[in-house]
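Residues per chain, in single letters:
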Amino acid sequence: MDVLINVFVALHVIGIAALLGGFLTQMKAMGEGTARFGPAMLHGALTMLVTGVALVGLNQADDQAVNNVKIGVKLAILVVVLGLVYVKRDEERVDKAVFGAVGGLTSANVFIATLWT
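Conventions we followed
Residues numbered from 1 in each chain as written. Predicted model: local features only at pLDDT ≥ 70, side-chain atom pairs only at ≥ 80, totals over all residues. Heavy atoms only, no water. Helix = DSSP H or I, 4+ residues; strand = E, 2+ residues; numbered from the N terminus. Rg over C-alpha atoms; globule rule 2.2 N^0.38 Å. Buried < 20%, exposed > 50% of the residue type's maximum accessible area, 1.4 Å probe, protein only. Contact = heavy atoms within 4.5 Å. Areas by Shrake-Rupley, 256 points an atom, 1.4 Å probe, with all protein chains shown as cover. Lys, Arg positive; Asp, Glu negative; His and termini not counted. Charge placed at Lys NZ, Arg CZ, Asp CG, Glu CD. 1 Å grid on protein atoms, 1.4 Å probe; cavity = no way out; pocket = protein on both sides within 12 Å on 5 of 7 lines; lining within 4 Å. Points joined across faces, edges and corners; volume = space filled by probe spheres on them. Axes fitted to C-alpha atoms, helices over the stretch in contact; angles between N-to-C directions. Parallel < 35°, antiparallel > 145°, perpendicular 65-115°, else oblique. Left-handed = near helix turned anticlockwise from the far one by under 90°. Core = buried A, V, L, I, M, F, W, Y, C linked by side-chain atoms within 4.5 Å. Phe/Tyr/Trp six-rings, centres within 6.5 Å; stacked < 30°, edge-to-face > 60°. Lys NZ or Arg CZ within 6 Å of the ring centre and 35° of its normal.

Visitor: I would appreciate a short explanation of the overall build of the protein in the present structure.
Guide: Secondary structure assignment for the protein yields 5 helices and 0 strands. Listing each helix as α and each strand as β along the protein from the N terminus yields α-α-α-α-α. Its C-alpha atoms give the protein a radius of gyration of 15 Å, near enough to 13 Å, the size a compact globule of 117 residues would have. With the C-alpha coordinates aligned to their principal axes, the bounding extent of the protein is approximately 50 × 25 × 20 Å. Among the 117 residues that make up the protein, the fraction classed as buried is 32%. Partitioning the contacts of the protein with sequence separation of at least 6, the portion at a separation of at least 24 is 81%. When the accessible area of the protein is evaluated, it comes to approximately 6,700 Å², of which 68% is carbon and sulfur surface. In the protein, which carries 8 positive and 8 negative side-chain charges, the distance between the mean positions of the two groups comes to 10 Å.

Below is the structure:
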């Protein structure tokens, strides 16, 4: 079971990298007002959602303690990020505030995952 959990953790990190990497590579474009959500950002957010749900299920099946409040906060943030990216995915230009919010909320999710014990 540990190997399967670690595989899903790795996939979860890949999803974070796709979403946050897409944001970071367009920070200059965000400053110019020409940033847009690429397909990798949407797929990264979806990967985070699917692997995160799978990780909760696998950890509970393995009788490991799961902090449901932490998972709920992370899920709420991810749903907001996913909603923003999904709705604005076809727009040529995304508002700086919306694009920045996605990067900020994604970063917040990373910090919640690592610092909330």
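Now, onward.
Visitor: So what exactly am I meant to see when it comes to the layout of surface pockets here?
Guide: Sizing a probe to match a water molecule and rolling it over the atoms shows the empty space that remains. Size it by volume and the largest pocket reaches roughly 560 Å³. Along the walls of the largest pocket sit 22 residues, with His-12, Gly-52, Leu-55, Ile-71 and Lys-74 positioned nearest its centre. Secondary-structure elements contributing two or more residues to the lining of the largest pocket are helix H1 (2-25), helix H3 (39-61), helix H4 (68-88) and helix H5 (96-115). No other element matches H3, which puts 7 residues into the lining of the largest pocket.

Visitor: Even after reading the chapter, I still don't get the packing of H1 against H3, so can you show me in this structure?
Guide: The axes of two packed helices give the description: the angle between them and the distance between them. Packing of H1 against H3 leaves a shortest axis separation of 8 Å and a crossing angle of 155°. In terms of orientation, H1 lies roughly antiparallel with respect to H3. Taken as a pair, H1 and H3 cross one another with a handedness that is left-handed. Contact residues: H1 offers Leu-4, Ile-5, Phe-8, Val-9, Leu-11, His-12, Gly-15, Ile-16, Ala-18, Leu-19, Gly-22 and Phe-23, while H3 offers Ala-40, Met-41, Gly-44, Ala-45, Thr-47, Met-48, Thr-51, Gly-52, Ala-54, Leu-55, Leu-58 and Asn-59.

Visitor: So what exactly am I meant to see when it comes to the nonpolar core here?
Guide: The nonpolar side chains of a soluble globular protein tend to be buried with one another. Leu-19, Phe-37, Met-41, Val-85, Phe-99 and Val-102 are the most contacted members of the largest nonpolar core, which totals 21 residues. Residue assignment for this core shows that the elements contributing at least two residues are H1, helix H2 (27-32), H3, H4 and H5. For this core, the element with the highest residue contribution is H4, accounting for 5 residues. The residues touching Val-85, leaving out its near neighbours within four places in the chain, are Leu-19, Phe-37, Met-41, Leu-42 and Val-102.

Visitor: Looking at this structure, how should I read the packing of aromatic side chains?
Guide: Ring pairs (aromatic) are described by centroid distance and by the angle formed between their planes. As enumerated under the stated definition, the model contains 2 aromatic pairs in all. Judged by centre distance (5.2 Å) and plane angle (25°), the rings of Phe-37 and Phe-99 are stacked. Here Phe-37, found in the loop between H2 and H3, pairs with Phe-99, found in helix H5; they are 62 residues apart in sequence, far enough to count as distant. Given a relative accessible area of 0%, Phe-99 falls into the buried group. These aromatic residues form a ring-pair network of at least three members: Phe-23, Phe-37 and Phe-99. Sitting over the face of the ring of Tyr-86, Arg-89 holds its NZ or CZ atom 4.0 Å from the ring centroid.

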